[in-house]
Every structure is written in C-alpha cells, then in structure tokens.
Amino acid sequence: MIDFKNAGPKTAEIKRYLLPECDEAIRKLEEDFYVYRKSLVTLEDNEGDVFERWKVRHSERLDGMTPYEFIRDYTGDPPVFEKYERIILNLIQDNYCSPPDSVFEDFFSICDRQEWAEKVIGICLDAFSMNDTDIDALAITMIYGISEHVSGFSNDLCNRFFETAKAVRQRDPELASELVQVGVDYCKNGFDVAVDLIAKRMQEDKPMTGPVAEKLLAVLALMGRKDEKLYVIYRTLVKRTALLDERLEFYFDLVCDYGDPRAVSFMRTKGTALVEAYKALPANAPGKDFLFRKMMRADEVIKTLGGQGVF
C-alpha cells in the first residue's frame, strides 16, 4: 500500500478523497443500511429504489430518526460542506451502501456540482499513477459514483481520461477500458474528442491496436450516433488491413455495429478479395481456414446492412 504517513501535499489530497475519515456517525449509517438490506428477502422487497425507501424508514440504530433525518442532523443547519462531503465520499466507496439521490441533490445545492465533481475525478485520475491496485479500485469506484450523478465533463477532463487510460493500459487493460468508457459516456464532447483522437492517430499512420484504441473504436460503433469522420475511419481500417491480418474480423464487427448501409460497397470489395484469395489457395494451404472465416463474416455483415452477399 501507499505510504500516506510521509506523503507530500498531492498524495495527502488523494488520501483525503480516496480514504476519507469515517467517523462513528457514518459507521452507524452504513450499519443501518446493512441491516435494512438483509431484511429485503423477496423480489418485491428489492423492487424500485431501495436507497430512497431506506432513507425514510425510522431506525432505533439512528436514535429513532430516518437515515435522511440523521444525515441532515449530522451535517447541521446550515449544512457544513466538509461534513456532507465526508458522507458522500464514504458512501460512494461502500460496496453496498450508496447515498440516496436526494442526499446528492442536497449536497450539490451547497456547492458547484460540476466544479466539485471535476476536481475529485481529477484527483482520482492522479491516483492511478501510484500503481497500487487497492488505490485503483477506490479511484474507479469513486469515478463511477460521481459520474452517475454529474455528467457533461469538460474536454480537458475527457482528454485526461484517455491519457490516463493510455498510461495504465500495459499494467491493467481492463482499467484502461473502463476509463475509456467513462470518458466517452460522461464527458460533454466525449464522442467528438474520441473520434478526433482516432482520426489524428490514423493520419499519423499509427496502428489502431491495444486495449485503449480497440475499446474506443468499439464504444463509438455501438453508440448509435452517425458521424462522417467515424464512417471514414471504419472504411479506412477495412480497406487498408491485409486479408490475413487478425484484426480484420474485428473491423468487420465494428462496421456491422455502426450500421451504415453505405458500408456495403467497401465491404463487398473486401469480401470479394477474400473469396478470390481463398479460391487461389491449394486445399491444405496455411491460412485457407482463416480466409474462409473472414469471407463468411464479410458476407454476414453485408447482408445485415441490406446488401447482396458475395456468394
């Protein structure tokens, strides 16, 4: 684990947000939710928003108050920002308990939600440079917890998501993929920033390989948004990829997920080339099975997009 005891100012700030002080009141709140959750036995018990139902239920563990009343009593009148923040930060990281939406709204009413959210997420992104799996887990949990309540992050923060994903991709490809997903889903111009990033990379003739690049390509294809630059990217990837390249089928899948009927034209060209290459090889030649799978997939994609297959 990170040695926070002898930490510098930046590391101390990371500690404050990723390991906030959990006092007795917050522990009582969490324990009350655990007990409440255990009482939810049937499917009907678990329907709807269990956090909102929990917050209005009186509890002896909370001195007869509801969790919502307990939180309001804890934070004071007028509410103290640091106390509300401590509750939010602790509950976001809890695997079972989460702040009810109304508690988030109360907290956001006393702060600039966008400024606060971007600051904390920026600190979480800094934390990944520590190369500590426990810290990673806390940071990504915090990012998801905040992003679900505040979205439309700035382009600067969007770029940081992608840059951080690139920095961690070797040691943790899954984490890199998650950061890419959040950047696209929750940043104001996440789609456009991602498309521009890929377009620039391709103009520089850099290979679109690795977990970050492939995740970006896949996420964008599935968003259901049509964009001319993205269409050109997928077309270019298919056209310039060699017939025996392992990535070709992945690019076919992207074209299929993107769903633009115009792709039938270049897919037919590639599919026909695969068929001709397949026919030209002797029966037991290396690569023949590979070509067969690729030409069959090309045929499927063409037909899915409304075109006539290559057979």
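Criteria and thresholds
Every chain's residues receive numbers from 1 upward, in the order its sequence appears when written. The predicted origin of the model limits local features to residues at a pLDDT of at least 70 and limits the giving and counting of side-chain atom pairs to 80 or more, whereas totals for whole chains, interfaces and linings rest on all residues. Side-chain calculation: all heavy atoms of the structure are included, whereas hydrogens and water are not. The helix and strand labels rest on DSSP assignments: H or I over at least four residues marks a helix, E over at least two residues marks a strand, and numbering proceeds from the N terminus. Using C-alpha atoms as the atom set, the radius of gyration is obtained and then compared with a globule rule of 2.2 Å times the number of residues to the power 0.38. Think of it in three bands: residues with accessible area under 20% of the maximum for their type are buried, residues over 50% are exposed, and the middle band is partly exposed, with areas taken using a 1.4 Å probe on protein chains only. Two residues form a contact once any of their heavy atoms are found within 4.5 Å. We get accessible surface area from the Shrake-Rupley algorithm with a probe of 1.4 Å; when it comes to residues, only the shown protein chains can shield them. On a scale of 0 to 100, pLDDT captures the predictor's confidence in every residue. What counts as an axis is a line fitted to C-alpha atoms, over the stretch in contact for a helix, and the angles between N-to-C directions run from 0 to 180 degrees. Geometric relationships in this document are graded by angle, where less than 35 degrees denotes roughly parallel, more than 145 denotes roughly antiparallel, 65 to 115 denotes roughly perpendicular, and other angles denote oblique. What makes a crossing left-handed is the near helix being turned counterclockwise from the far one by less than a right angle; a clockwise turn instead makes it right-handed. Aromatic rings from Phe, Tyr and Trp, taking only the six-membered ring of Trp, are treated as a pair when their centres fall within 6.5 Å; an angle between ring planes under 30 degrees marks them as stacked, one over 60 as edge-to-face, and anything in between as tilted.

1. Comments concerning the overall build of the protein
Then, number 1: When helices and strands are counted, the protein shows 16 helices and 0 strands.
Then, number 2: Against the globule reference of 19 Å for 311 residues, the protein gives a C-alpha radius of gyration of 25 Å, more extended than a compact globule.
Then, number 3: Within the protein, the fraction of its 311 residues that count as buried is 45%.
Then, number 4: Counting contacts in the protein only where the partners sit at least 6 residues apart, residues at least 24 apart contribute 66% of the total.
Then, number 5: As presented, the protein carries roughly 15,700 Å² of accessible surface, and 50% of it is formed by carbon and sulfur atoms.

2. Describing the confidence of the model for the protein
Then, number 1: Averaged over every residue, the pLDDT of the protein is 90; residues scoring 70 or more account for 97%.
Then, number 2: By mean pLDDT, the top-scoring element of the protein is helix α14 (residues 248-258) (96), and the lowest-scoring one is helix α1 (residues 9-18) (84).

3. Quick notes on the packing of helix α7 (residues 113-127) against helix α9 (residues 155-168)
Then, number 1: Closest axis-to-axis distance for the α7/α9 pair is 11 Å, and the angle between their directions is 15°. Taken together, the axes of α7 and α9 are roughly parallel relative to one another. Crossing of α7 against α9: the hand is left-handed. Contact with α7, carried on its side by E118, I121, G122, L125 and D126, involves L157, R160, F161 and T164 of α9 and no other residues of that element.

4. Remarks on the packing of aromatic side chains
Then, number 1: The final tally for this structure, using the stated rule, is 13 aromatic pairs.
Then, number 2: Ring geometry for F33 against W54: centres 5.0 Å apart, planes inclined by 75°, an arrangement best described as edge-to-face. Of this pair, F33 sits in helix α2 (residues 24-38) while W54 sits in helix α3 (residues 50-55); the two residues are 21 residues apart in sequence, bridging distant segments of the chain. Each of the two residues, F33 as well as W54, counts as buried.
Then, number 3: Taking the centre distance of 5.7 Å and the plane angle of 45° together, the rings of Y278 and F292 count as tilted. Placement of the pair is Y278 in helix α15 (residues 263-280) and F292 in helix α16 (residues 288-304), with a sequence separation of 14 residues.

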